[in-house]
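Spelled out, the chains give:
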Amino acid sequence: MTTIALKNKWVAYDSNSTDINITVLNDGDKLIVDKEGFICFHEGHIESRDGYIDIYKKHKNIWHKNFTFKKILTNEDYYRASFLIVNYNVRVISVLEFIPYSCEGKNELRYSNLILPLGAIYSIGSGRQASYAVMDHGGSAEDSVKIAAMRDIYTGGKINVIDIIEFGRDNFNINLM
């Protein structure tokens, strides 16, 4: 698990990575830069990360919209995960969540995309409650992850901070503003 916080143009995230509730890496980088023009910050189990990014890419025509889908699973292993995505192509910030679900003998993967306004305050991960409390009381995204690391056993390691506006300009020559 982890804590990833967005406040205004800043995203802060820790470096802990877990595998079924055991911290396995204390120096994991949760920032994924995709050549198709988006970056994402991953929270959840590492095993499904690339498959989930592939699912997101399949929905290119609706990246700019809120959406919810479900997929019937066969023998594939999927775990709960969330992504904070900054998509420079369609100039949106979104939260993409994947939740495996079992009902009446059917295994499904439910996933949804929530569009956030630029300047939003949002947090995902196991330390999100502490993160929200800090940001709601005036703290920065970085402060919120630092406090979450003190309150949440799955948040910790190095705290990374990026300016998503500058990142887009520097890496994709795109301005979100």
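Preceding this section is the structure that the text describes.
Residues numbered from 1 in each chain as written. Predicted model: local features only at pLDDT ≥ 70, side-chain atom pairs only at ≥ 80, totals over all residues. Heavy atoms only, no water.

Colleague: Is there a simple way to explain the nonpolar core in this structure?
Modeller: The nonpolar side chains of a soluble globular protein tend to be buried with one another. Counting 20 residues, the largest nonpolar core has Leu 6, Val 11, Ile 39, Phe 41, Leu 84, Tyr 88 and Ile 164 as its most contacted members. Listing elements by their share of this core, those giving two or more residues are strand 1 (3–7), strand 2 (10–13), strand 6 (38–44), strand 8 (81–87), strand 9 (92–103) and helix 4 (164–172). Top element by residues in this core is helix 4. It accounts for three residues. Other than its neighbours up to four places away in sequence, Phe 41 contacts Ile 4, Val 11, Tyr 13, Lys 30, Leu 31, Ser 82, Phe 83, Leu 84, Ile 124 and Ile 162. If you look at the next biggest cluster of nonpolar residues, it comprises 18 residues, including Cys 40, Ile 62, Leu 109 and Tyr 111. (Core = buried A, V, L, I, M, F, W, Y, C linked by side-chain atoms within 4.5 Å. Buried < 20%, exposed > 50% of the residue type's maximum accessible area, 1.4 Å probe, protein only. Helix = DSSP H or I, 4+ residues; strand = E, 2+ residues; numbered from the N terminus. Contact = heavy atoms within 4.5 Å.)

Colleague: When you look at helix 4 in this model, what are you seeing that I'm missing?
Modeller: Every α-helix winds through 3.6 residues per turn, so residues three or four apart in the chain are directed the same way. Here helix 4 has its buried residues at Ile 164, Ile 165, Phe 167, Gly 168 and Phe 172. For helix 4, the angular spread of buried residues about the axis comes to 165°, placing them on one side. Following helix 4 by one or two positions, Asn 173 has its phi on the positive side, about 55°. (Arc of directions from axis to C-beta.)

Colleague: What is the right way to look at the side chain of Thr 155 in this model?
Modeller: Considering the arrangement of structural elements, one finds Thr 155 in the loop between helix 3 (141–151) and strand 12 (160–163). A polar side-chain atom of Thr 155 sits 2.7 Å from a polar atom in the side chain of Thr 3. A polar atom in the side chain of Thr 155 sits 2.5 Å from the side chain of Asp 152. Once you skip the residues sitting within four places of it in the chain, Thr 155 turns out to touch Thr 2, Thr 3, Asp 14, Asn 16, Ser 126, Gly 127, Val 145, Ala 148 and Ala 149. (Polar contact = N/O pair within 3.5 Å; in protein donor to acceptor, adjacent residues only side chain to side chain.)

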